[in-house]
Amino acid sequence: MDMVVLKNVTKFFVTKAFGKVTAVDDVSLNIREGECFSFLGPSGCGKTTTLRMIAGFEDLSSGEIWLGDRPVSIKTKNFYVPPEKRQLGMVFQAFAVWPHLNVYENVAFPLRIQRVSNAEISDQVKQALKHTSLSGLEEKYPSELSGGQQQRIALARAIVANAKVLLLDEPLSNLDPKLREIMRFEIKDLQKKLGLTIVYVTHDQAEAMALSDRMLVMDMGVVQQVDTPTNMYNNPANRFVFSFLGLSNFVPVALHDGLVWPAGSASSSLECEIPEDWDDDRAVLAARPNEIQLTPEGGYRTRIKNRVFLGDYVEYRMDIGDTEIRVQTHEHRDFQVGDVCGVRLGKVKWYPAEDEVSDEERERRKVI
Amino acid sequence: MRAGQSLRGSELRRMEGSRFNTGQLLLVISTVILIITVVLPVAMIVYNVFFYKWSFDWSLFASMLTDPDNLAAMWNTVKISFLVTTLGTVVGLFFAWLIGRSDIPLKGLMKSLFVIPYMFPPFIGAMAWGLLLAPRSGYINKMFMALTGGRTPLFNINTLAGIVFVELCYYFPFVFIQVSGALERMDPTLEESARIAGANQMTVIRRITMPLVVPAIAAGAMLILISSLSHFGVPAILGFSNGIFTLPTKIYELIYRASGSFEGIRQGASLSILLVAVVVLALALQRRVLRTGRYDIIRGKSMRPMLIKLRGWKAPLLAVCFVFLAITVILPLFTIFGVGLLKAYGVPMKLANMTLNNFKYVLFESRMARDSIRNSFFLSITSAVITMLVGTMIAYVIVKIQPRGKGVLEVLGILPYSIPGIVLAVGVILTWSGAFYLNLYNTIWIILIAYIARYMAFSMKSASASLEQVHDSLEEASRTCGASHFESLLDVTLPLIRPGMVAGFFLIFLPAMRELTTSLLLYGPFTRTMGVAIYSINEEGYTVQACALAGVAIIIIVLGELLLRFVTRERRGQ
Ligand SMILES: Nc1ncnc2c1ncn2[C@@H]1O[C@H](COP(=O)(O)OP(=O)(O)OP(=O)(O)O)[C@@H](O)[C@H]1O
Ligand SMILES: [Mg+2]
């Protein structure tokens, strides 16, 4: 069953300084029961706004949102269920645990609102604290606890009332890297144990990949791709998704005589296969630095411009035509600056020469 | 010389460099200054009340305590300040919430309008309300009686209720400012998590927002309580004629009636001790009732708060705001300037009866009025400069040097906060009119000393705040570069806190310009301040001239306030 459904959801803000800003642009989405679903995208792309519309903190400009088979926002009918009636759990980046209540009362709050009996509250809070490894800290106040513990309180508070859907907005970005990794596993564990549906917002692609069953990449309010982490990494739908999921090289090329000519190189071509259905005479090739091979013979001949030893691997820089690329290899064969070597791009993705979003447009939006 | 070779003590001394310790010196200077300005007057009060001709004698204090008049004054003080604090807190809280968390329009405008009463000298407000609501002669009461044809006035301002009303108008901004600030700084996700947890808007206000702003409410309410307990101007102007006394006005009356005789001053001093006891007790009580922690509610990276939609309530609540502002700000202002322009008090307020003569009189003709303006400027500027410099020095010692014994400094520094102006004045009289071979009575210097003692706490507080923002590492970096402690202070810290010091100057200059209580006990024939001049011209029945001078004072204060805003805006712009 689909637990969260967005149908053509659009949100724009009208501000004095910038006029109308479309934060979320015609997003449609189904999030399934028991699934961990991430929103990934650069800052300002509309992740938080989407999540807040699901939570009910922002009204829609158009579209519908359903939680399971229950409508919660339908713009055309001006139908809107306030956040407190949506039976969701939510965890914020800034912890948002109440400093005037101790751990127990923080977690008990949703149950007290529902007027659950004291005995039952005690049971359920104990259960939630156990799930989040907070047992024994009931009497402590948030100011006496570490950031990780505070975020666990928020998590316990979100699950205590048996909410089926959890919304998390960058819950780990205020924690240090080590703790972040631990918490990542705990959240995943909790989700499996309780059969939760999680909507997870982050701008950290590693976090999204580690956690999600499926994820979505967004840019400037528009959904770019929805898929499982593996599929998305292996088949990014466009240049933006490709560049967002890891290090990348983009080489503009021209096609003639059945060969691939990098821009700025008239003498030598690249050794790579042209996809059968490619019918443009220009393209952009995308390759990850660690999938490019360097060979002493053959390949596209070029001179090593720069070499940095980084322990696990060596990073080289060189030109293909007039595009500088970066290569990371573990191979023992070592090249020095000034050596001439051959480049084989390996697994490449082909994208149209025109970018979907022009750079000027991106710059303009960045100000906002 | 090889490393590790043993050295003789004297050689070590030499290698240590200068042993002159700026910190210790500043600590000593600061302590001495605070003892002379703050501790001495208080000690003199206690000594003069309980000792007579070098022997312990507490009969005076006992007789003062059992006098029914004094007890009535004490009871009035308690009643007035309790009501003003409670009502002022409710009003301030209501408006702060309305502007901070609802979708009421014109927020920016209202926010600046709501702090205006804060700059308005309350005793001038009391004068205005007296002109409007005095039982027989008040403009509003006269209109009301003409309309109804009866002889009963609408409201008699010369009552306890009247005094409470006027003080309320000028003291609610304390809570308003504190709570508005807290709501602005509060992380909205604290409230949003409660919504998601199933609480509706009213429950969130009750269970989350309110408890989190309690520290701000407590701080604001405490300011109202202290101010109201020690307030002199409003009960003096509205209460005397009707025989209503509070402790501060009773102290004044005792000393005034004895026309400066030692016996009168000793009686005033006894009541001063009583007043301080009441203040301390009230503070302790309030601390028990509003026992608070300090919460960390500062916002992280977050959205603006969700505003509560007022829907049908929007128009009525907006109307409430504007009516309230009209009553507390516009009406009194209008009255002061209107009456100040009249040819004579009592004639109807018509254009034909208007003249600029009163303003001409107070600005150019009356020697006394002109002197008072000059005196106020001299006193305010001098005391602001001195307290700002000394306060910064003391704050520097407390915040940055942190020597052993800084606790004493802190206590001495905030002591004047809980000492009412009138008490301080009594102490200053006892100290500086010959007790220590120095008689400054009737000179302007005795007022200056009193101002310095009174405003030192302000200046220490604002200087501490700006010093705490200068990170230690900045000065340390400079010392690592070879600058001495003193040089780093001059070259690094001072330039960084200079904007804060300029703002601190105005924070003393402005209240000093409208000061009444202390100067009223200390002034001599040629050392009236503006407050004293307005008060005494008004008491003598020259109402229109008093209003004209009050108008001049208001214009000066507003200009100063604008200058302050301009200065602090510059700072934020950097
Ligand atoms: N209340 C608002 N008023 C005006 N504009 C807004 C408001 N909230 C968000 N925006 C704009 O909407 C766009 C999307 O913002 P959003 O907070 O959803 O981004 P995000 O993807 O969560 O970014 P981040 O990773 O920085 O949290 C931004 O351009 C932002 O400036
Ligand atoms: Mg966000």
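Residues numbered from 1 in each chain as written. Chains lettered and ligands numbered in written order. Predicted model: local features only at pLDDT ≥ 70, side-chain atom pairs only at ≥ 80, totals over all residues. Heavy atoms only, no water.

### Thoughts on the overall build of chain A
So, step 1. Along chain A, the regular secondary structure elements total nine helices and 20 strands.
So, step 2. In chain A, buried positions account for 49% of the 368 residues.
So, step 3. A total accessible area of about 17,200 Å² is found for chain A, and carbon and sulfur atoms account for 48% of it.
So, step 4. Of the charged side chains in chain A, 44 are positive and 52 negative; the average position of the first set lies 7 Å away from that of the second. (Helix = DSSP H or I, 4+ residues; strand = E, 2+ residues; numbered from the N terminus. Buried < 20%, exposed > 50% of the residue type's maximum accessible area, 1.4 Å probe, protein only. Areas by Shrake-Rupley, 256 points an atom, 1.4 Å probe, with all protein chains shown as cover. Lys, Arg positive; Asp, Glu negative; His and termini not counted. Charge placed at Lys NZ, Arg CZ, Asp CG, Glu CD.)

### Some remarks on the interface of chain B and chain A
So, step 1. With 24 residues of chain B at the contact, the number on the chain A side is 26 residues.
So, step 2. Joining chain B to chain A, the criterion identifies two salt bridges.
So, step 3. Here Arg195 of chain B and Glu84 of chain A are joined by a salt bridge, their closest N and O atoms 2.7 Å apart.
So, step 4. Taken together, the connections running from chain B to chain A amount to five residue pairs in polar contact (both at pLDDT 80 or more).
So, step 5. Broken down by element, the side of chain B that touches chain A gets its largest block of residues, seven residues, from helix H10 (residues 188-196) of chain B.
So, step 6. In the side of chain B that touches chain A, the residues fall into 12 nonpolar, six polar and six charged. (Contact = heavy atoms within 4.5 Å. Salt bridge = Lys/Arg side-chain N within 4 Å of Asp/Glu carboxyl O. Polar contact = N/O pair within 3.5 Å; in protein donor to acceptor, adjacent residues only side chain to side chain. Nonpolar A, V, L, I, M, F, W, Y, C, P; charged D, E, K, R; others polar.)

### Thoughts on the pairing of strand S8 (residues 165-169) of chain A
All names here are of chain A.
So, step 1. In terms of residue burial, S8 counts as a mostly covered element, since five of its five residues are buried.
So, step 2. Burial of S8 is two-sided: the residues Val165, Leu167 and Asp169 facing one way and the residues Leu166 and Leu168 facing the other way are all buried.
So, step 3. The sheet contact formed by strand S7 (residues 88-91) and S8 spans four bridges and is parallel. Of the residues in S8, the one forming a bridge with Val91 is Leu168.
So, step 4. Bridging between S8 and strand S9 (residues 197-202) involves five bridges; their strand directions are parallel. Looking at S9, one finds that Val165 is bridged to Thr197.
So, step 5. Between the parallel elements S8 and S9, the chain passes through helix H5 (residues 177-194) in a crossover that is right-handed. (Pairing = 2+ DSSP bridges. Right-handed = clockwise from strand over helix to strand, strands pointing away.)

### Thoughts on the nonpolar core
So, step 1. If you look at the biggest cluster of nonpolar residues, it comprises 210 residues, and the most contacted ones within it are Val4, Phe109 and Leu167 of chain A together with Phe95, Phe114 and Ile124 of chain B.
So, step 2. With 14 residues, helix H20 (residues 444-468) of chain B is the largest single contributor of residues to this core.
So, step 3. Among the nonpolar cores identified, the runner-up in size contains 34 residues, and Ala108, Ile121, Leu145 and Leu190 of chain A belong to it. (Core = buried A, V, L, I, M, F, W, Y, C linked by side-chain atoms within 4.5 Å.)

### A few points about empty space enclosed by the protein
Residue and element names in this part refer to chain B.
So, step 1. In this structure the tally under the stated criterion is seven cavities of 30 Å³ or more.
So, step 2. Computed from the structure, the largest cavity encloses a volume of approximately 170 Å³.
So, step 3. As for the largest cavity, its lining consists of 14 residues, of which Glu191, Arg195, Val204, Met306 and Ile308 are closest to the centre.
So, step 4. At the level of secondary structure, the elements contributing two or more residues to the lining of the largest cavity comprise helix H4 (68-101), H10 and helix H11 (201-229).
So, step 5. Each residue belonging to the lining of the largest cavity can be placed in one class, and the counts come to eight nonpolar, two polar and four charged.
So, step 6. Space inside the second largest cavity adds up to approximately 70 Å³. (1 Å grid on protein atoms, 1.4 Å probe; cavity = no way out; pocket = protein on both sides within 12 Å on 5 of 7 lines; lining within 4 Å. Points joined across faces, edges and corners; volume = space filled by probe spheres on them.)

### Considerations on the sheet that holds S8 of chain A
All names here are of chain A.
So, step 1. Taken in spatial order, the six strands line up as S7-S8-S9-S3-S10-S11 in an open sheet, and their pairing is mixed. Lying at the two open borders of the sheet, with one neighbouring strand each, are S7 and strand S11 (222-227). Averaged over all pairs of adjacent strands, the angle between their axes in this sheet comes to 15°, without regard to strand direction.
So, step 2. Across the sheet, helix H1 (residues 47-55) is in contact with strand S3 (36-40), S7, S8, S9 and strand S10 (214-219); its angle to S8 comes to roughly 150°. (Axes fitted to C-alpha atoms, helices over the stretch in contact; angles between N-to-C directions.)

### Some thoughts on the packing of aromatic side chains
Residue and element names in this part refer to chain B.
So, step 1. All chains considered together, the criterion is met by 34 aromatic pairs over all chains.
So, step 2. Between Phe94 and Phe95 the ring centres are 5.3 Å apart and the planes differ by 65°, which places this aromatic pair in the edge-to-face class.
So, step 3. Overall, the relative accessible area of 3% leaves Phe95 in the buried class.
So, step 4. When the ring of Phe114 is compared with that of Phe324, the centres are 6.4 Å apart and the planes differ by 35°; the resulting orientation is tilted. Here the residue Phe114 occupies a position in helix H5 (residues 107-114), and Phe324 occupies one in helix H15 (residues 314-340), the gap between them amounting to 210 residues. (Phe/Tyr/Trp six-rings, centres within 6.5 Å; stacked < 30°, edge-to-face > 60°.)

### Some words on helix H13 (residues 247-257) of chain B
Residue and element names in this part refer to chain B.
So, step 1. Where burial is concerned, most of H13 is hidden: nine out of the 11 residues are buried.
So, step 2. Listed as buried for H13 are Leu247, Pro248, Thr249, Lys250, Ile251, Tyr252, Glu253, Leu254 and Ile255.
So, step 3. Directly beyond the C-terminal end of H13, a positive phi value near 40° is found at Ser259.

### Focus on the environment of Met145 of chain B
So, step 1. Within the fold, Met145 of chain B resides in helix H8 (residues 139-148).
So, step 2. Setting aside anything within four residues of it in sequence, one finds Met145 of chain B in contact with Pro135, Arg136, Gly150, Arg151, Thr152 and Pro153 of chain B.

### Some points on the sheet that holds strand S5 (residues 70-74) of chain A
All names here are of chain A.
So, step 1. One open sheet holds the five strands; their spatial order is S2-S1-S4-S5-S6, and the pairing between them is antiparallel. Every other strand in the sheet has two partners, leaving strand S2 (19-32) and strand S6 (79-80) as the edge strands with one partner each.
So, step 2. One ladder, built from two bridges, connects S5 with S6; its direction is antiparallel. Looking at S6, one finds that Ile74 is bridged to Phe79.
So, step 3. This element, H1, spans strand S1 (2-15), S2 and strand S4 (62-67) of the sheet and lies at about 120° to S1.

### Observations regarding the domain arrangement of chain A
Residue and element names in this part refer to chain A.
So, step 1. Domain parsing of chain A yields domain 1 (2-242) and domain 2 (248-351).
So, step 2. Just the C-alpha atoms count here: the centres of domain 1 and domain 2 sit 41 Å apart.
So, step 3. Taken together, the contact pairs eight residues of domain 1 with nine residues of domain 2.
So, step 4. Buried area between domain 1 and domain 2, summed over both chains or domains, comes out near 840 Å², and the portion from carbon and sulfur atoms is 56%.
So, step 5. Three residues stand out in domain 1 for area buried against domain 2, namely Tyr233, Arg239 and Phe242, and they jointly supply 76% of the buried area on that side.
So, step 6. Taken together, the connections running from domain 1 to domain 2 amount to zero salt bridges.
So, step 7. Taken together, the connections running from domain 1 to domain 2 amount to five residue pairs in polar contact (both at pLDDT 80 or more).
So, step 8. Those elements that place two or more of their residues in the side of domain 1 that touches domain 2 are helix H7 (229-234) and helix H8 (239-244). (Domains from an automatic or database assignment. Buried area = accessible area lost by both parts, 1.4 Å probe.)

### A short note on the packing of helix H2 (residues 103-113) of chain A against helix H3 (residues 118-131) of chain A
How two helices sit against one another is set out by the angle between their axes and by the gap between those axes.
Residues and elements named next belong to chain A.
So, step 1. Relative to each other, H2 and H3 sit at 120°, their axes nearing to 9 Å. Here H2 is positioned oblique relative to H3, judged by the angle of their axes. The element H2 and its partner H3 pack so that their crossing is right-handed. Along the contact surface, H2 presents Val103, Tyr104, Val107, Ala108, Leu111 and Arg112, while H3 presents Asn118, Ile121, Ser122, Gln124, Val125, Ala128 and Leu129. (Parallel < 35°, antiparallel > 145°, perpendicular 65-115°, else oblique. Left-handed = near helix turned anticlockwise from the far one by under 90°.)

### Things to note about unusual backbone geometry
So, step 1. One non-glycine residue with positive phi stands out, namely Glu170 of chain A, at about 45°.
So, step 2. As for its position among the elements, Glu170 of chain A is in the loop between S8 and H5.
So, step 3. Unusually for a residue other than glycine, Arg311 of chain B sits at a positive phi of about 50°.
So, step 4. Its place among the elements puts Arg311 of chain B in the loop between helix H14 (262-289) and H15.

### A short note on the environment of Tyr313 of chain A
Residue and element names in this part refer to chain A.
So, step 1. Its location among the elements puts Tyr313 in the loop between strand S16 (300-309) and strand S17 (314-320).
So, step 2. Judged by its relative accessible area of 25%, Tyr313 is partly exposed.
So, step 3. Put simply, Tyr313 and Val327 are 14 residues apart on the chain and 9.8 Å apart in space, counted from C-alpha to C-alpha.
So, step 4. Apart from residues no more than four positions distant in its own chain, Tyr313 is found in contact with Val308, Gln328, Thr329 and His330.

### A look at a negative patch on the surface
So, step 1. Together, Glu273, Glu276, Asp277, Asp279, Asp280 and Asp281 of chain A give the surface a local cluster of negative charge.
So, step 2. Within the secondary structure, Asp277 of chain A is located in the loop between strand S13 (259-262) and strand S14 (282-287). (Patch = residues over 30% accessible without salt bridge, like charges linked within 9 Å, V, L, I, M, F, W, Y side chains within 5 Å.)

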